[in-house]
Amino acid sequence: MQKEILELHNLIKIKNIDKAYVDAKKIYRLDKKNQDIVKVLAYLHIQKSNFDSAITVLDEYYEENTAEKDFDYYVNKGISLKSIEEFKKSLSMYDKATEIDPNSPLCYTVPAEIYLKLRKFEKAIVLINLALEKINDSSDKNFLHFPNAIKLKTEINVALNRDKESGDILKKILQEKFHPDIFYLLATINTKLIDEELLEKAENQLIINDKSFQNKLDRFWYVHPLYFGLAICYQKIDQAKSETFYHLGNKETMSSLRYNSFEYQKSIGDIITHYENFITDNNNQSEDGLNNIFILGTPRSGTTLIESIIGSCNDVTSGGELLSGFKLINEYVNNTNKKPNEFFEDFKKKYLNRTAYLRGNFKFIIDKLPENFLFIGYLLKLLPGSKIIRTFRDPWDVAISLYKQRYVTNIPYSASFFNIGVFMSNFEAINIFWNNQLKTSDHILDIRYEDLVNNTDFYQKKIYHYLGIESDFDEEKRKTFFSQTASIRQIGANVHSKSIEKKEFLDHKNEFYDALIMQRKYWEKRGFEYKSDAFFGYKLN
């Protein structure tokens, strides 16, 4: 067995995670009582984002071997619990890990992230500073988590209104040693801090790294951030060059992912079929979800702006883009064995407990995961007391904004205008389905981004009235609102209409619209009727 374990460690070392994962599962099935394989498999489940599976593997072994709980157990259990948004339980795991090895940076990075989520920013900055201190003291100066820890610190600094400090830190790091991800971070914070010498250095480093690194994971760290960082730098000084770098960066994303836009279409079809056959005895008149607000729509459609308008008042806190609701419903849709009423109780227990912990003493909590649009009907059945705000924006403006973000894994379709077009058509289809199913609902408010930015005062009052918020609105307080999204720094600016009718990537506009219209034909074959050629009132041209 030790030989097999050593081979797994070698696969992990050379970053062949997929093969290591397959092999580890086979070995685990043969010997579930071997602690070494339990540790390796739990780690690989985490690398594959299978956090519930990691928790199951750990619990099955350590419930019978409590005395063997060690640093690895607490750290792996902690990150898995954090990832399914059991934040309180996760923090308790890291407390145990810290007792065992207080010098490990791993004891502080995830807790810092959790306290950022809890909006306890001062606590978060103390922890991330400790993590960076431990990393600097480590014998391994290329500690894997260094760029992620630095990124987290810059996000906490935004929350604390210390963005200038972040720029100074990143510039100093780059002066000592060039790091692609740090360069990208600096570009997102302030391109004015990148002088001609640093810009030239980044371009030269890109040429070197492009030739030196062939492994997909290596390219993610050393090539991919340079494309996007340079694209941001050239955005205002050379649009053509900027667009070229965006194309190269997104091409890099496409080559490293196995994204199939038509699998997403199938998932939507499954959601529709499942919902149409969805029967439950659950009492729809309950007040479950009375404290929950959902903001959803396509990414880059104004969800963060609305979050800042609502979340800056005294009655509301925001959980940001929570994954719990989405994952719990998605797992249910794909699990034909689970009975509806069992799911209802399981969902309410987990989701409401998790959001209640984040909500604390506030009256309302926001869940701003855009992709919850897939499950609008389910959310209103599960939490009939909740309120939903659905956002719409001109599809081409959305497409450009998506294409310019370095999403990589969380929004993989953003790397291709064709895939974005297919996605927008799928978004349109599922929302037409919900409109037909729900007819009129007092629990859904639709907001167009263009209307919001052109008449913010009116829509702020409309949103507050709809939600039953009695607190006064303060625009200056809204500007200081923190949101851990791609709009992390945009939200602090005055509301403006500069992002309407964008004039970029025009040579790809037809590709985008052709894909959207082509995908409509698929939904027409499934019985969808389009009352207009427009996209929720937006002309497709």
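Just above, that's the structure.
This structure is a prediction, so every number in the text was calculated from the model and none was measured. Here the residue numbering is sequential within each chain, running from 1 through the sequence in written order. Given that the model is predicted, a residue must reach a pLDDT of at least 70 before its local features are reported, and side-chain atom pairs must reach 80 or more before they are shown or counted; all residues, however, enter totals for whole chains, interfaces and linings. To get the side-chain values, take all heavy atoms of the structure and skip hydrogens and water.

Asks: So what exactly am I meant to see when it comes to the sheet that holds strand β4 (residues 387-392) here?
Replies: Criterion used throughout: strands pair if DSSP finds at least two bridges between them. The helix and strand labels rest on DSSP assignments: H or I over at least four residues marks a helix, E over at least two residues marks a strand, and numbering proceeds from the N terminus. Judged by pairing direction, the sheet is parallel, and its five strands sit side by side in the order β2-β3-β1-β4-β5 without closing on themselves. Two strands in the sheet have a free side with no partner beyond their single neighbour: β2 (316-318) and β5 (444-448). Adjacent strand axes in the sheet meet at a mean angle of 25 degrees, parallel and antiparallel pairs treated alike. Note on definitions: a residue-residue contact is assigned when non-hydrogen atoms from the two residues lie within 4.5 Å. Helix axes use the C-alpha atoms of the stretch in contact, all axes being lines fitted to C-alpha atoms, and the angles between their N-to-C directions lie in the range 0 to 180 degrees. Each of β1 (292-297), β2 and β3 (364-367) touches helix α19 (residues 340-359); the most contacted strand, β3, lies at about 115 degrees to it.

Asks: Please clarify how the environment of Asn454 should be interpreted in this entry.
Replies: Note on placement: Asn454 falls in helix α23 (residues 449-454). The cut-offs for exposure are 20% and 50% of the maximum accessible area for each residue type, with area from a 1.4 Å probe on protein chains only; residues under the lower value are buried, those over the upper are exposed, and the others partly exposed. Residue classification places Asn454 among the exposed residues on the basis of a relative accessible area of 53%. Distance from Asn454 to Val495, taken between C-alpha atoms, is 8.5 Å for residues 41 residues apart in sequence. When near neighbours in sequence (up to four residues on either side) are disregarded, Asn454 contacts Ser497 and Ile500.

Asks: Looking at this structure, I do not really get the pattern of salt bridges. What am I missing?
Replies: For side chains bearing opposite charge, pairing can occur when the charged atoms are close. A pair is scored as a salt bridge if a Lys or Arg side-chain nitrogen falls within 4 Å of a carboxyl oxygen belonging to Asp or Glu. Summed over the entire model, instances satisfying the criterion amount to 28 salt bridges. Close ionic contact of Glu345 with Lys348 constitutes a salt bridge, the shortest N to O distance being 3.6 Å. Placement of the pair is Glu345 and Lys348 together in helix α19, with a separation of three residues, close to one helical turn. Each of Lys39, Asp70 and Asp72 takes part in a single network of salt bridges with overlapping partners.

Asks: What should I look at first to understand the layout of surface pockets in this one?
Replies: One way to see where empty space is left: roll a probe the size of a water molecule over the atoms. Space inside and on the surface of the protein is sampled on a 1 Å grid over the protein atoms alone, with a cavity defined as a set of points where a 1.4 Å probe fits but cannot get out and a pocket as an open set with protein on both sides within 12 Å along at least 5 of 7 lines; lining residues have an atom within 4 Å of a point. Grid points are joined across faces, edges and corners, and a volume is the space filled by probe spheres set on the points. Volume-wise, the second largest pocket comes out at about 420 Å³. Every element with two or more residues in the lining of the second largest pocket is listed here: α16 (261-276) and α22 (417-438). In terms of residues, the lining of the second largest pocket owes the most to one element, α22, which gives six residues. Looking at the lining of the second largest pocket residue by residue, the classes come out as seven nonpolar, six polar and six charged. Each residue gets one label: Ala, Val, Leu, Ile, Met, Phe, Trp, Tyr, Cys and Pro are nonpolar, Asp, Glu, Lys and Arg are charged, and the others, such as Gly, are polar.

Asks: Would you explain helix α3 (residues 35-47) in this entry?
Replies: Since there are 3.6 residues in each turn of an α-helix, residues three or four apart along the chain are aligned in direction. Compared with the 18 Å implied by 1.5 Å per residue over 13 residues, the 18 Å span of α3 between its first and last C-alpha is a close match. Of all the positions in α3, only Ile37, Val38, Lys39, Val40, Leu41, Ala42, Leu44, His45 and Ile46 are classed as buried. The secondary structure elements touched by the buried residues of α3 are α1 (2-13), α2 (17-30), α4 (51-62) and α5 (71-83). By the criterion applied in these results, polar contacts are pairs of N or O atoms within 3.5 Å in which, for protein atoms, one can donate a hydrogen and the other can accept it, and in which residues neighboring in sequence qualify only through two side-chain atoms. Where α3 begins, one side-chain oxygen reaches toward the backbone nitrogen of Asp36, 2.9 Å away; that side chain belongs to Asn34. Residue Ser49 follows α3 closely and has a positive phi angle near 65 degrees. The length a helix should cover is 1.5 Å for every residue beyond the first.

Asks: Would you mind showing me how to read the packing of helix α9 (residues 146-159) against helix α10 (residues 163-176) here?
Replies: Helices that pack against each other are described as a pair by the angle of their axes relative to one another and the distance between those axes. Running from N to C, α9 and α10 point in directions that differ by 155 degrees, and their axes come no closer than 8 Å. With respect to their mutual orientation, α9 and α10 come out roughly antiparallel. Contact with α9, carried on its side by Phe146, Ile150, Lys153, Thr154, Asn157 and Val158, involves Asp163, Glu165, Ser166, Ile169, Leu170 and Ile173 of α10 and no other residues of that element. Class assignment of the residues belonging to the contact of α9 with α10 gives a composition of six nonpolar, three polar and three charged. Small angles under 35 degrees read as roughly parallel and large ones over 145 as roughly antiparallel, with 65 to 115 read as roughly perpendicular and the rest as oblique.

Asks: Looking at this model, I keep getting lost on the packing of helix α8 (residues 121-137) against α9. Mind explaining?
Replies: Close contact between α8 and α9 brings their axes to 10 Å; oriented N to C, the two are set at 155 degrees. Classified by the angle between their axes, α8 and α9 sit roughly antiparallel to one another. Crossing geometry of α8 relative to α9 is assigned as left-handed. Each of Phe121, Ala124, Ile125, Ile128, Asn129, Leu132 and Ile135 in α8 lies in contact with α9, whose residues at this interface are Phe146, Ala149, Ile150, Leu152, Lys153, Ile156, Asn157 and Ala159. When grouped by side-chain class, the residues that make up the contact of α8 with α9 number twelve nonpolar, two polar and one charged. By convention, the crossing between two helices is left-handed when the near helix turns anticlockwise from the far helix through less than a right angle, and right-handed when the turn is clockwise.

Asks: Would you take a moment to explain the side chain of Asn76 for this structure?
Replies: Mapped onto the elements of the fold, Asn76 is located in helix α5. Ignoring any residue separated from it by four or fewer positions in sequence, one finds Asn76 in contact with Lys39, Ile46 and Leu58.

Asks: How should the pairing of β4 be read in this particular structure?
Replies: Of all the six residues making up β4, six are buried; the element is thus mostly covered by neighbouring parts of the structure. The side-chain alternation of β4 yields two buried faces, one formed by Lys387, Ile389 and Thr391 and the other by Ile388, Arg390 and Phe392. Direction of pairing for β1 relative to β4: parallel, over a ladder of five bridges. Bridged to Ile293 within β4 is Lys387. Bridge count for β4 against β5 is five bridges, and the pairing is parallel. Its bridge partner lying in β5, Ile388 is registered against Ile444.

Asks: Looking at this structure, how should I read the environment of Leu174?
Replies: Within the element layout of this structure, Leu174 appears in helix α10. Taking the C-alpha atoms as reference, Leu174 lies 9.4 Å from Leu186; in sequence the two are twelve residues apart. Apart from the residues lying within four places of it in its own chain, the contact partners of Leu174 are His179, Ile182, Phe183, Leu186, Leu198 and Lys201.

Asks: I keep staring at the nonpolar core and nothing clicks. Help me out?
Replies: One recurring pattern in soluble globular proteins is that nonpolar side chains are buried together. Side-chain atoms within 4.5 Å are what join buried Ala, Val, Leu, Ile, Met, Phe, Trp, Tyr and Cys residues into a set we call a nonpolar core. Ranked by internal contacts, the top residues of the largest apolar core, which has 149 residues, are Phe183 and Tyr378. Beyond its immediate sequence surroundings of up to four residues, Tyr378 is in contact with Ile271, His274, Tyr275, Phe278, Ile329, Tyr332, Val333 and Trp434. Ile293, Cys313, Ile366 and Ile469 belong to the second largest nonpolar core, which has 23 residues in total.

Asks: So what exactly am I meant to see when it comes to the packing of aromatic side chains here?
Replies: The geometry of an aromatic ring pair comes down to the distance between the two centres and the angle between the two planes. Note on aromatic pairs: the rings of Phe, Tyr and Trp (six-membered ring only in Trp) are paired at centre separations within 6.5 Å, and the planes decide the class, stacked below 30 degrees, edge-to-face beyond 60, tilted for the rest. Inspection of the entire model under this criterion finds 43 aromatic pairs. For the pair Tyr61 and Tyr62, a centre-to-centre distance of 4.9 Å together with 85 degrees between the ring planes defines the contact as edge-to-face. Assessed through its relative accessible area of 1%, Tyr62 is described here as buried. Ring geometry for Trp396 versus Phe512: centroids 5.5 Å apart, planes at 45 degrees, classification tilted. You can see Trp396 sitting in helix α21 (residues 395-403) and its partner Phe512 sitting in helix α26 (residues 509-525), a full 116 residues away along the chain. Owing to a relative accessible area of 0%, Phe512 belongs among the buried residues under this scheme. One aromatic cluster is present, built from ring pairs that chain together Tyr259, Tyr264, Phe373, Phe392, Tyr413, Phe423, Phe427, Phe535 and Phe536. Here, a charge over a ring is recorded when the distance from Lys NZ or Arg CZ to the ring centre is within 6 Å and its angle to the ring normal is within 35 degrees. Across from the ring centre of Tyr466, 4.7 Å away, lies the NZ or CZ of Lys387, which sits over that ring.

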